[in-house]
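Observations on chain architecture
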Amino acid sequence: MIDAPQPKVEPRAEALALRRTIVLVGLMGAGKTSVGKRLATLLGVPFTDSDTRIVEAAGMSIPEIFASLGEPAFRDGERRVIARLLAERPGVLATGGGAFIEPRTRAEIGEYGTSVWLRADVETLWERVRNRPGRPLLQTADPKATLADLDRRRSPVYALADIIVDSRRGVSHETMARAIVAAVLAWDRGRPGWPPTLEGAGEAES
Ligand code: S3P
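Residues numbered from 1 in each chain as written. Predicted model: local features only at pLDDT ≥ 70, side-chain atom pairs only at ≥ 80, totals over all residues. Heavy atoms only, no water.

Ranked by internal contacts, the top residues of the largest apolar core, which has 49 residues, are I22, L39, L43, V116, L118, L147 and I180. In terms of residues, this core owes the most to one element, helix 9 (residues 173-189), which gives six residues. (Core = buried A, V, L, I, M, F, W, Y, C linked by side-chain atoms within 4.5 Å. Buried < 20%, exposed > 50% of the residue type's maximum accessible area, 1.4 Å probe, protein only. Helix = DSSP H or I, 4+ residues; strand = E, 2+ residues; numbered from the N terminus.)

Structure follows, in structure tokens:
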């Protein structure tokens, strides 16, 4: 008997019936925005970057917000923007590196989203951020040491995410995005209300 070649099944929003927004968390340089865009395209759902929304709402760049209003004001705006985005139709949301560290923001994400920590080692992160200005927290005498310190302090909190996916150098955004789809599917299956009803899937599409 000759086996017919199996058609390649592409994960699609309809198949996944994405019930909650996938929220990408992790340090600067983890690839939240680039992987997030790929993931959203793969699933056929909207992509949003919370930093971009904050900048639009404030009419200022992130360094300007930090300089003129201070980090607490930035964190407050970030929390409100993320809460609003989580109330929209399910999609992919890339967050700034400090968002998940804030207890109230983390609680909102826990309530309404599926959090995914894109975990990367400091060398990988540093290679990605070293030549990109615009990150006020890295405006220090030794930004690499600052990044390593943030990694040490924040990793135990990022580890509270629902799902952890490693972001390694040389691994394509496509591969990462597919790993996230598989992990989210497996995670969601263990939650109440699976499988989603056809009506539920229809609602997710509207
Ligand atoms: C921050 C990360 C930045 C941005 C802000 C603060 C942080 O976002 O939100 O500069 O606290 O780690 P990215 O992680 O997208 O660089």
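Their axes nearest at 9 Å, the elements helix 3 (residues 50-58) and helix 5 (residues 71-86) cross at an angle of 115 degrees. It follows that helix 3 is roughly perpendicular to helix 5 by the angle criterion. Two packed elements cross with a definite hand, and for helix 3 against helix 5 that hand is right-handed. Two secondary-structure elements touch here, helix 3 through S50, D51, R53 and I54 and helix 5 through F74, G77, E78, V81, I82 and L85. Among the residues forming the contact of helix 3 with helix 5, the class breakdown is five nonpolar, two polar and three charged. (Axes fitted to C-alpha atoms, helices over the stretch in contact; angles between N-to-C directions. Parallel < 35°, antiparallel > 145°, perpendicular 65-115°, else oblique. Left-handed = near helix turned anticlockwise from the far one by under 90°. Contact = heavy atoms within 4.5 Å. Nonpolar A, V, L, I, M, F, W, Y, C, P; charged D, E, K, R; others polar.)

Quick look at the site of the ligand now. Among the 13 residues in the neighbourhood of the ligand, the closest are listed as K32, D51, R75, R135 and R154. Here an oxygen atom of the ligand and a backbone polar atom of G97 are 2.9 Å apart. Contact with the protein chains removes 94% of the 390 Å² of surface that the ligand exposes when unbound. Taken together, the residues of the shell around the ligand break down into five nonpolar, three polar and five charged. (Near = heavy atom within 4 Å. Polar contact = N/O pair within 3.5 Å; in protein donor to acceptor, adjacent residues only side chain to side chain. Areas by Shrake-Rupley, 256 points an atom, 1.4 Å probe, with all protein chains shown as cover.)

Under the counting rule described, the total for this entry stands at 14 salt bridges. Across the salt bridge formed by R75 and E71, the nearest N and O atoms sit 3.0 Å from each other. Within this pair, R75 and its partner E71 are both found in helix 5, separated by four residues, close to a single helical turn. With a shortest N-O distance of 2.8 Å, K144 and E123 are connected by a salt bridge. (Salt bridge = Lys/Arg side-chain N within 4 Å of Asp/Glu carboxyl O.)

What follows deals with the sheet that holds strand 2 (residues 47-49). Pairing is parallel in the open sheet, where five strands are placed in the order 2-3-1-4-5. With partners counted over all chains shown, the strands left at the sheet margins are strand 2 and strand 5 (163-166), one partner each. Neighbour-to-neighbour, the strand axes of this sheet turn through a mean angle of 25 degrees, independent of strand direction. Inspection of the sheet shows strand 2 paired to strand 3 (residues 92-94) by three bridges, in the parallel sense. Looking across to strand 3, one finds that D49 is bridged to A94. (Pairing = 2+ DSSP bridges.)

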